[in-house]
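Understanding the architecture of this molecule
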Amino acid sequence: MKNLLIRLLITTILIVVLSHFLPGIHVDTIKAALIVAVVLGLLNTFLKPILVFFTLPITFFTLGLFLLVINAGMVLLADYLIDEFRIDSFVNAFVFSVVLSLSQWFLNLFVKD
């Protein structure tokens, strides 16, 4: 439980920081960033495996690169669900999802399971 909260805090901080550095990403408050972190976590837990299953052939033919498009779709869905979080375009969502994923991976290396 403690690790989950630490990872949620890391993701929230990353969302705030990335919204300041990446153009086209707008987060109004830190509370909104926390909600975005929770919603992205829930979408990645429940919806993403279903999408990966149904897009398995195209993911196979693109050698897994289509998973990046699915990640960007999850970010755009979070944008649709949360009023205080706005993404200007698909390209911005794509870049945001890639940078967020890489940053999460790196920072979560320091969180022990």
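What this report covers is the structure whose coordinates are included nearby. Here the residue numbering is sequential within each chain, running from 1 through the sequence in written order. Local features are withheld for residues below a pLDDT of 70 in this predicted model, meaning they are given only at 70 or higher, and side-chain atom pairs are given and counted only at 80 or more; totals for whole chains, interfaces and linings count all residues. Heavy atoms throughout the structure, all of them, feed into the side-chain values; hydrogens and water do not.

Let us now look at the packing of aromatic side chains. For Phe, Tyr and Trp, where Trp contributes only its six-membered ring, two rings pair if their centres lie within 6.5 Å, and the inter-plane angle classes them as stacked under 30 degrees, edge-to-face over 60, or tilted in between. Summed over the entire model, instances satisfying the criterion amount to five aromatic pairs. Here the aromatic rings of F85 and F96 are separated by 6.0 Å at their centres, their planes lie at 50 degrees, and the arrangement is tilted. Linking F85 in strand β2 (residues 85-87) with F96 in helix α6 (residues 90-108), this pair joins segments that are eleven residues apart in sequence. For the pair F106 and F110, a centre-to-centre distance of 5.4 Å together with 85 degrees between the ring planes defines the contact as edge-to-face. Strands here mean DSSP runs of E at least two residues long; helices mean DSSP runs of H or I at least four residues long; both are numbered from the N terminus.

Attention shifts here to the packing of helix α5 (residues 66-81) against α6. Their axes nearest at 8 Å, the elements α5 and α6 cross at an angle of 105 degrees. Here α5 lies roughly perpendicular to α6, going by the angle between them. On α6, the residues touching L68, V69, N71, A72, V75 and L76 of α5 are F90, A93, F94, F96, S97, V98 and S101. Polar here means any residue other than Ala, Val, Leu, Ile, Met, Phe, Trp, Tyr, Cys and Pro, which are nonpolar, and Asp, Glu, Lys and Arg, which are charged; Gly is therefore polar. Split by residue class, the contact of α5 with α6 holds ten nonpolar, three polar and no charged. Axes here mean lines fitted to C-alpha atoms, for a helix over just the part in contact, with angles spanning 0 to 180 degrees between N-to-C directions. An angle below 35 degrees is read as roughly parallel, one above 145 as roughly antiparallel, one from 65 to 115 as roughly perpendicular, and any other as oblique. Between two residues, a contact is recorded if the distance between any of their heavy atoms is within 4.5 Å.

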